[in-house]
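If you want the building blocks of each chain, they are given just below.
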Amino acid sequence: MDVTSVGIMVDEKRSVLESKLKNDDIDDFDIEDLDKTDNRKDVMIIFKNQIDVRYLPDKLHELLGDCKTNKSTE
């Protein structure tokens, strides 16, 4: 199965996430703050190309590095 978007919860600062998500593989992204301390974020990522769901964890790690994430795909 292929996906074009993914929603994840990330424990990272907004500025760090924005710099990591400005990438040629990403068509668009949205970041919603879930706390007042600039830590927990709800992030929606829309990819330019479809990604096989089997390779999604590797792709997210490639994009975000070692951020702590909770994944949910659409």
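Participant: Could you give an account of the overall build of the protein, naming the residues involved and the relevant values?
Facilitator: A count of helices and strands for the protein gives 2 helices and 4 strands. When the elements of the protein are put in sequence order from the N terminus, they spell out β-α-β-β-α-β. Residues classed as buried in the protein amount to 30% of the 74 residues present. Carbon and sulfur atoms form 44% of the exposed surface of the protein, whose accessible area is close to 4800 Å².

Participant: Describe the environment of D24, naming the residues involved and giving the relevant values.
Facilitator: Along the chain, D24 falls in the loop between α1 (14-21) and β2 (26-33). The class for D24 is exposed, based on a relative accessible area of 67%. Between the alpha carbons of D24 and K48 there is a distance of 8.1 Å; along the sequence they are 24 residues apart.

Participant: Break down the nonpolar core for me, citing the residues and quoting the values.
Facilitator: Residues I8, V43, I45 and F47 are the most contacted members of the largest nonpolar core, which totals 16 residues. Breaking this core down by element, the ones donating at least two residues are β1 (2-11), α1, β2, β3 (40-52) and α2 (56-64). Discounting residues that sit within four places of it in the chain, V43 has contacts with V6, G7, I8, V10, L17, L21, D30 and I31.

Participant: Can you lay out the pattern of salt bridges for me, pointing to particular residues and giving the numbers?
Facilitator: Taken as a whole and assessed by the stated rule, the structure comprises 8 salt bridges. We note a salt bridge from K41 to D38, for which the minimum N-O separation is 2.7 Å. Of the residues examined, D38 reaches a relative accessible area of 28% and is grouped as partly exposed. Here the salt bridges do not stand alone but share partners, grouping R14, E18, D33, D38 and K41 into one network.

Conventions used here
Residues numbered from 1 in each chain as written. Predicted model: local features only at pLDDT ≥ 70, side-chain atom pairs only at ≥ 80, totals over all residues. Heavy atoms only, no water. Helix = DSSP H or I, 4+ residues; strand = E, 2+ residues; numbered from the N terminus. Buried < 20%, exposed > 50% of the residue type's maximum accessible area, 1.4 Å probe, protein only. Areas by Shrake-Rupley, 256 points an atom, 1.4 Å probe, with all protein chains shown as cover. Core = buried A, V, L, I, M, F, W, Y, C linked by side-chain atoms within 4.5 Å. Contact = heavy atoms within 4.5 Å. Salt bridge = Lys/Arg side-chain N within 4 Å of Asp/Glu carboxyl O.

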